[in-house]
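For reference, the chains in residue letters:
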Amino acid sequence: CMQVPELEKATVRIRQPERVREIIQSLREQGVAKLQVISDFDMTLSRFGCNGRRCPTSHNILDTSRVISEDGKKKLKDLLHYYYPIEIDPNRTLEEKCPLMVEWWTKAHELLVQQKIHKSDIAQIVRESEAMLRDGFKEFFDQLHKNDVPLFIFSAGIGDILEEIIRQANVFYSNVNVVSNYMDFSDDGVLTHFKGPLIHTYNKNNTVLQGTGYFQQLSTRTSIILLGDSMGDLTMADGVPSVENILKIGFLNDKVEERRGKYLDSYDIVLESDETLDVVNGILRYILTE
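Computed from a predicted structure; not experimentally measured. (Residues numbered from 1 in each chain as written. Predicted model: local features only at pLDDT ≥ 70, side-chain atom pairs only at ≥ 80, totals over all residues. Heavy atoms only, no water.)

Novice: Mind showing me how you'd approach the overall build of the protein chain here?
Specialist: A tally of regular secondary structure across the protein chain gives ten helices and eleven strands. Residues counted as buried form 55% of the 290 residues belonging to the protein chain. Within the protein chain, contacts between residues at least 6 apart in sequence are counted, and of these 72% link residues at least 24 apart. Element-wise, carbon and sulfur atoms account for 49% of the exposed surface of the protein chain, whose accessible area totals about 13300 Å². Distance from the positive charge centre (34 side chains) to the negative charge centre (44 side chains) of the protein chain: 2 Å. (Helix = DSSP H or I, 4+ residues; strand = E, 2+ residues; numbered from the N terminus. Buried < 20%, exposed > 50% of the residue type's maximum accessible area, 1.4 Å probe, protein only. Contact = heavy atoms within 4.5 Å. Areas by Shrake-Rupley, 256 points an atom, 1.4 Å probe, with all protein chains shown as cover. Lys, Arg positive; Asp, Glu negative; His and termini not counted. Charge placed at Lys NZ, Arg CZ, Asp CG, Glu CD.)

Structural data, given as structure tokens:
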């Protein structure tokens, strides 16, 4: 695709190049007024790794911060070691995984509530963390904002933390909407519980959006770019009333050889171990340029 030179990057894999070219062309022809971007946050807009080290997710940032007791940290780590292999197990069905994910998130949230976290600590926790947005994030957020393209971030992480990451990066614009797991604080600013509905890796679809009416307000936005890093992210656009064009871009961060086939079956474009938003920005540049 000459118009999007970024698609020539070595990290890019595409099973059906002709189809991808057609979708990108249609997105451009439909125009800016019809476009919306739906994205996961952790390991999609944020980096998976840096200099050979894993970057933290929004949950990790809190789990490993100074406001969590040593005992709390150990229990949270134990939950991760037990449930994460289940989450990524290719041999288990969604029906098996879903109740176990609810169990994991619920237990983790209960542990966090026991820690009496203060709302006033959140900005500092994020500042002290190793959270990083992907290279090129500024152009990504700026392009969408400048063109009034809605960006919907749908995350199974912790909303308060990820909003703070975006805020500290100075890109929390008016076109950005987040649906995630938010904390609820008492009048004196202490975490008391998490607001519902609970969002985990495998229920990022219409079931947790009912009542928000978000996609209904955007019913004319029928062109979609979807960004994710897991199989669970593929359903994020399910609530969009009438999709005309959808381009699914998947970040394959981990266990690349093992998961490549599945990702190529599910996503139109797969980015392997790519810590940038170069390809996304290149496509947006092409679509948004008059």
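Don't stop here, the text continues.
Novice: Would you mind going over the packing of helix α6 (residues 137–146) against helix α10 (residues 278–288) with me for this structure?
Specialist: Orientation of α6 relative to α10, taken along the N-to-C sense of each, is 25°, at an axis distance of 10 Å. As judged from the angle between their axes, α6 and α10 are roughly parallel. In this structure, α6 meets α10 at a crossing whose hand is left-handed. On the side of α6, the interface is formed by Glu 139, Phe 140, Gln 143 and Leu 144, while α10 contributes Val 280, Asn 281, Leu 284, Arg 285 and Leu 288. Looking at the contact of α6 with α10 residue by residue, the classes come out as five nonpolar, two polar and two charged. (Axes fitted to C-alpha atoms, helices over the stretch in contact; angles between N-to-C directions. Parallel < 35°, antiparallel > 145°, perpendicular 65-115°, else oblique. Left-handed = near helix turned anticlockwise from the far one by under 90°. Nonpolar A, V, L, I, M, F, W, Y, C, P; charged D, E, K, R; others polar.)

Novice: Please explain the sheet that holds strand β6 (residues 176–181) as it appears in this structure.
Specialist: Pairing between the strands of a sheet comes from backbone hydrogen bonds, and it takes one of two forms, parallel or antiparallel. Taken together, seven strands build an open sheet; the order of strands is β1-β11-β10-β9-β2-β5-β6 and the sheet is mixed. Only two strands of the sheet have a single neighbouring strand rather than two, namely β1 (12–13) and β6. The pairing of strand β9 (residues 223–228) with strand β10 (residues 245–252) spans six bridges and is parallel. Bridge pairing in β10 links Ser 223 to Asn 245. Packing against the sheet, helix α9 (residues 256–266) makes contact with β1, β10 and β11 (269–272), and its axis sits at approximately 175° to β10. (Pairing = 2+ DSSP bridges.)

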